[in-house]
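# Geometric and topological summary
Each chain, letter by letter, is given below.
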2 protein chains.
Amino acid sequence: MKPYREMSKEELASEIEQLRAEYRKYQGMELNLNMSRGKPCKEQLDLSMGLMDALNSDADLMCEDGTDCRNYGVLTGIQEAKVLIGDMMENNPDDIIIYGNSSLNVMYDTIARAYTHGIMGNKPWCKLDKVKWLCPVPGYDRHFGITEYFGFEMIPVPTDENGPDMDMVEKLVSEDDAIKGIWCVPKYANPSGISYSDDVVRRFARLKPAAKDFRIFWDNAYGIHHLYDDRQDYLIEILAECKRAGNPDLVYKFASTSKITFPGSGIAAMATSPNNMADIVKTMTRQTIGHDKVNQLRHVRFFGDIHGMVEHMRKHADIIRPKFEMVEDILQENLGELGVGSWTVPKGGYFISFDALEGCAKDIVAYCKKAGVEMTGAGATWPYGKDPKDSNIRIAPTYPSLADLKIAATLFTLCTRLVSAQKIYEEM
Amino acid sequence: MKPYREMSKEELASEIEQLRAEYRKYQGMELNLNMSRGKPCKEQLDLSMGLMDALNSDADLMCEDGTDCRNYGVLTGIQEAKVLIGDMMENNPDDIIIYGNSSLNVMYDTIARAYTHGIMGNKPWCKLDKVKWLCPVPGYDRHFGITEYFGFEMIPVPTDENGPDMDMVEKLVSEDDAIKGIWCVPKYANPSGISYSDDVVRRFARLKPAAKDFRIFWDNAYGIHHLYDDRQDYLIEILAECKRAGNPDLVYKFASTSKITFPGSGIAAMATSPNNMADIVKTMTRQTIGHDKVNQLRHVRFFGDIHGMVEHMRKHADIIRPKFEMVEDILQENLGELGVGSWTVPKGGYFISFDALEGCAKDIVAYCKKAGVEMTGAGATWPYGKDPKDSNIRIAPTYPSLADLKIAATLFTLCTRLVSAQKIYEEM
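No experiment lies behind these values; they were computed from the predicted model shown.

## Topic: unusual backbone geometry
Residue and element names in this part refer to chain A. A cis amide bond links Asn190 to the next residue, Pro191, at an omega of 10°. One can find Pro191 in the loop between strand S6 (179–184) and helix H7 (198–205). Positive phi outside glycine occurs at Glu30, with the angle close to 50°. Looking at the element boundaries, Glu30 is found in the loop between helix H1 (9–28) and strand S1 (33–35). Phi is positive for Tyr384, close to 60°, though the residue is something other than glycine. You can see Tyr384 is positioned in the loop between strand S12 (373–375) and strand S13 (392–395). Overall, Tyr384 belongs to the partly exposed group, its relative accessible area being 37%.

The following block contains the structure:
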């Protein structure tokens, strides 16, 4: 089939009629499918059921250092969890704080702390007239949700296959001391699936922010979430790079086991410099007596060490790789020649990013929804939920079964074709 | 023996000499004992090892409503956990939010939210020139630590065996709209062990605060933590009473299973009005995708229902009751006739509150420490750690073994005698 833009008005009209007929068939199927969130599927969750046996009533719940995990105490996490998560994050265990079950919560908390008490002696952000925040786009809606909630002015920064536009980032942060942070998902990014290039990471580590309390929020949510054994992205470790660049305090790095064991019942962590850590611990001592050490120990006992975790991630990949590949195949087959969209082909993570023709994303998502397939809301990948081109759509292929996914992805391409054809036709 | 104040100078000098000799003996024992924190002992923790078997790899981790506890979602907690904790807190499950592992963290978070975003549309506290807070004394050091950290002016409110001085509370909150809250541990209070009388609770529910965003922080940490089956305090349920009084939104009520199962690995909860809950959930949706549902389900499966929990608490009581009674006996035997201190005899909770002669508490704690017995710091039970009379000491008898506790409590009475005798002698 030829690209829609090269079709005559009659050809396009006939195509639209055919697509509408097909769409009505889907509407008759009363589907109820979901490609909206980056949720593991049942088979992935089943992989971690052994976690439930890692500690039983005969288990010794003592740490190697003699700490009874069942009792109060140990503010920043048990040592063996720091070692495991340190290996996972490629950081020194001493640079790690183990938190509760949600890295999103750690990020919220980190911003809330800066807002109420300031970072390392700087003025609390609540006392400033204006706080601005850099938001590489497309990005993660829940990140933007936090900074929006605190009333920060969010500035979109374009990204390409190498990461954010670093010329723009460097210029903005060096000139404007109201800019206090930037959201980054540096590896297998949400939603594009790209990983930051060596050059981008090195330039991040060498930023010269006008604000002393500017911090990079480095959400390495998909650090070991590869889809392939033989084709993997490699990301320069940011803490080490910042240290090397003489900027040791520039970054807060986040990770969790949410998409390794059970989302919501895993452990989250931050890696950061000793100065930042001392600053954070000052608040933590007021916030809590400690996080869930039993769950920390449970994870350590379940995985043994990083090798166990890597092996475990291979099993995840085996389950979700076919889903990514099937969606990519369907996109290619149904849209490949039509010139109505482009998409990423990630080597890891949880998402495919789709760029429709300008002004089509909302309609595509709406058409999907009316036929029973829920997509992430169009615009969600932009600050304030406003994609100026109304073009980007996040596809989350992991949760549905392969059979459901086939239907959902096919419907998605159908809706994309229909909305695009209608749009082009109207413009003729 | 007669009261120290009735002794002659010679009698007292001889007593001091004898006490010093005895104290030196303790110093020679190289003790390392701890009566400082309200920590369960090993035997208490062992009671909950069955929790580790409540969910194993064969378990169905689905909720009754079909929610897979292993995946993302369910912001305010699974229904069966709300029912269990609702029974524990004497509240409707619909009025309950289940959080993570720490009720202290929920309290911090509640204040942080009011500080950053305000309560129910009122101005965020960070935008106010002054926030004041009522602190019944003696009270819980970690409560005071939070309000101190946010820079609030803390106003001590005296308490007696019925609770805080309600004349003072009523007058202050009705006159001063800078007063935004009050810390309460209404049952088996930390540290006094007293429970608020019916009259006090009713007056709390009928407060007419000048500030619309005044809230009672009702930390019912020891709601079912009785020491006796046949002698128990009864506390009027505050949410129901507030509703009855036409003040439904006046209170945030907190509880947790920290001293029921494992401290740090339990579940915490808040009970509050629908208005307050809607206000809180607005923030929660930004903070997290959800708390640890697997651990919620684990607790539900372990206890079955409230009867299982009550039965479980009896076992705790059987372990710690002898400790309380032994300390009370030692206090009575060694100090009962000397007029150098008074103490509470609680029917539940985790503490005994001791009032030494004015100006003696710090010295007593220091003497204990020098001989190897750690007490809660003198002054800790007061805002800013400053007890104006330097008199109150919190005794935490649960953690040490009975044998250790006997030594520690005896040493404590010895130090109290020595410091008091020296003080009286100097004043002669």
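## What to know about the relation of the copies chain A and chain B
Mapping chain A onto chain B is achieved by rotating through 180° and translating by 0.0 Å along the same axis, at an RMSD of 0.0 Å. The transformation just described matches what one would write down for a two-fold rotation axis. Most of the interface of chain A is mirrored in chain B: 100% of its interface residues are interface residues there too.

## Quick look at the packing of aromatic side chains
The final tally for this structure, using the stated rule, is 44 aromatic pairs over all chains. Here the aromatic rings of Phe302(A) and Phe303(A) are separated by 4.9 Å at their centres, their planes lie at 55°, and the arrangement is tilted. Phe302(A) gets classed as partly exposed once you look at its relative accessible area, which sits at 23%. The interplanar angle of 85° and the centroid separation of 5.6 Å between the aromatic rings of Tyr196(B) and Trp218(B) together place this pair among those described as edge-to-face. Within this pair, whereas Tyr196(B) is found in the loop between strand S6 (179–184) and helix H7 (198–205), its partner Trp218(B) is found in strand S7 (residues 215–219), the two being separated by 22 residues in sequence. On the accessibility criterion, Trp218(B) (0% relative accessible area) is buried. The structure contains a cluster of three or more aromatic residues connected by ring pairs, namely Tyr108(A), Tyr115(A), Trp125(A), Trp133(A), Tyr149(A), Phe150(A), Phe152(A), Trp183(A), Phe217(A), Tyr252(A) and Phe254(A). In this arrangement the basic side chain of Lys39(A) is found over the ring face of Tyr399(A), its NZ or CZ atom lying 4.8 Å from the centre. Over the ring of Tyr228(A) we find Arg231(A); its NZ or CZ atom is 4.1 Å from the centre of that ring.

## A closer look at the domain arrangement of chain A
All names here are of chain A. Assigned domains within chain A: domain 1 (4–45 + 310–427) and domain 2 (61–304). For domain 1 versus domain 2, the separation of C-alpha centres amounts to 31 Å. Each partner contributes to the interface: domain 1 provides 30 residues, whereas domain 2 provides 35 residues. Between domain 1 and domain 2 the total buried area reaches about 2,800 Å² when both faces are included, carbon and sulfur atoms providing 62% of it. Looking only at domain 1, the three residues that lose the most surface to domain 2 are Met313, Lys347 and Tyr384, adding up to 25% of its buried area.

## Considering the pattern of salt bridges
Inspection of the entire model under this criterion finds 50 salt bridges over all chains. Taking the shortest distance from any N to any O, the salt bridge between Arg37(B) and Asp141(B) comes out at 2.8 Å. Of this pair, Arg37(B) sits in the loop between strand S1 (33–35) and helix H2 (42–46) while Asp141(B) sits in helix H5 (residues 141–149), and the two are 104 residues apart along the sequence. Taking relative accessible area as the criterion, Arg37(B) reaches 25% and is therefore assigned partly exposed. Between Asp68(B) and Arg70(B) there is a salt bridge; the shortest N-O distance is 2.9 Å. Each member of the pair, Asp68(B) together with Arg70(B), is buried. Look at the salt bridges and you will find they share partners, linking Lys42(A), Asp46(A), Asp68(B) and Arg70(B) into a network.

Parameters and conventions
Residues numbered from 1 in each chain as written. Chains lettered and ligands numbered in written order. Predicted model: local features only at pLDDT ≥ 70, side-chain atom pairs only at ≥ 80, totals over all residues. Heavy atoms only, no water. Helix = DSSP H or I, 4+ residues; strand = E, 2+ residues; numbered from the N terminus. Buried < 20%, exposed > 50% of the residue type's maximum accessible area, 1.4 Å probe, protein only. Least-squares fit on C-alpha atoms with pLDDT ≥ 70 in both. Contact = heavy atoms within 4.5 Å. Phe/Tyr/Trp six-rings, centres within 6.5 Å; stacked < 30°, edge-to-face > 60°. Lys NZ or Arg CZ within 6 Å of the ring centre and 35° of its normal. Domains from an automatic or database assignment. Buried area = accessible area lost by both parts, 1.4 Å probe. Salt bridge = Lys/Arg side-chain N within 4 Å of Asp/Glu carboxyl O.

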